[in-house]
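This is what each chain is made of:
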Amino acid sequence: MALENQELRKAGLKVTLPRVKIYQILEKAGEGDHFSAEDIYKILLDLNEDVGLATVYRVLTQFEAAGLVSRHHFEGGHSVFELAHDEQHDHIVCVKCGKVREFSDPSLKQRQDEIAQELGFKITDRTLYLYGECAEGCEKS
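Each value, and the rule that gives it
Residues numbered from 1 in each chain as written. Predicted model: local features only at pLDDT ≥ 70, side-chain atom pairs only at ≥ 80, totals over all residues. Heavy atoms only, no water. UniProt positions renumbered as here; feature names shortened; annotations may be inferred. Helix = DSSP H or I, 4+ residues; strand = E, 2+ residues; numbered from the N terminus. Buried < 20%, exposed > 50% of the residue type's maximum accessible area, 1.4 Å probe, protein only. Lys, Arg positive; Asp, Glu negative; His and termini not counted. Salt bridge = Lys/Arg side-chain N within 4 Å of Asp/Glu carboxyl O. Polar contact = N/O pair within 3.5 Å; in protein donor to acceptor, adjacent residues only side chain to side chain. Contact = heavy atoms within 4.5 Å. Domains from an automatic or database assignment. Buried area = accessible area lost by both parts, 1.4 Å probe.

Comments concerning the UniProt feature "binding site: Zn(2+)" (unreviewed entry) in the protein chain
At step 1: Residues given the UniProt feature "binding site: Zn(2+)" (unreviewed entry) here are Cys94, Cys97, Cys134 and Cys138.
At step 2: Along the chain, Cys97 falls in the loop between β3 (90-94) and β4 (100-103).
At step 3: A relative accessible area of 46% means that Cys97 is categorised as partly exposed.
At step 4: Topologically, Cys134 is positioned in the segment after β5 (129-132).
At step 5: Residue classification places Cys134 among the buried positions, given a relative accessible area of 15%.

Considerations on the environment of Arg9
At step 1: Turning to its location among the elements, Arg9 is positioned in helix α1 (residues 2-10).
At step 2: A relative accessible area of 54% places Arg9 in the exposed class.
At step 3: For Arg9 and Glu75, which are 66 residues apart along the polypeptide, the C-alpha to C-alpha distance reads 34 Å.

Describing the side chain of Glu82
At step 1: Position of Glu82 relative to the elements: it lies in strand β2 (residues 78-83).
At step 2: Within the buried core, Glu82 has no salt-bridge partner, and the shortest N-O distance to an opposite charge, that of Arg101, equals 11 Å.
At step 3: In this structure the side chain of Glu82 is engaged in a polar contact, spanning 3.0 Å, whose partner is the side chain of His89.
At step 4: Not counting the four nearest positions on each side in its chain, Glu82 is found in contact with Asp33, His34, Leu68, Val69, Ser70, His72, His89, His91 and Glu102.

Considerations on the domain arrangement of the protein chain
At step 1: Along its sequence, the protein chain is carved into domain 1 (1-85) and domain 2 (87-140).
At step 2: Measuring from the centre of the C-alpha atoms in domain 1 to the corresponding centre in domain 2 gives 23 Å.
At step 3: Domain 1 puts nine residues into the contact, and the matching count from domain 2 is nine residues.
At step 4: For the pair domain 1 and domain 2, the summed buried surface comes to about 850 Å²; carbon and sulfur atoms form 57% of the total.
At step 5: Taken as a group, His34, Phe74 and His85 account for 54% of the area that domain 1 buries against domain 2, more than any other trio of residues on that side.
At step 6: Linking domain 1 with domain 2 are four residue pairs in polar contact (both at pLDDT 80 or more), by the criterion used here.
At step 7: Within the residue set of the side of domain 1 that touches domain 2, elements represented by two or more residues are β1 (69-74) and β2.
At step 8: No other element matches β1, which puts three residues into the side of domain 1 that touches domain 2.

Right, here's the structure in full:
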């Protein structure tokens, strides 16, 4: 728990049990996992943690403002969170089940840089979301 405490303090946040528990859930996520506030709330319920949904939303908003998490807004008002990290990556989202996967393609980034240069722009930020149907049964529905 010491690492979570350090990260929260470094971000200027007071260390509270809900913040630590939510940070731990995000930290233990598998590579490319993204959670909605509701997902985190359900995990906390499964762990018998007494943290309300409103608290989860408030903590995630505080984490976002402090730069600890990134929020991604997808089609249909679907928002998910992941711990903020330095490497640039993109997302592909299933339009049926909402599953989100991360990917990184250096040739894609290079092509975006070339396009920006051709049009006289210097890229300061970028976001790429691809939408489709995942191969785990959604495309057969």
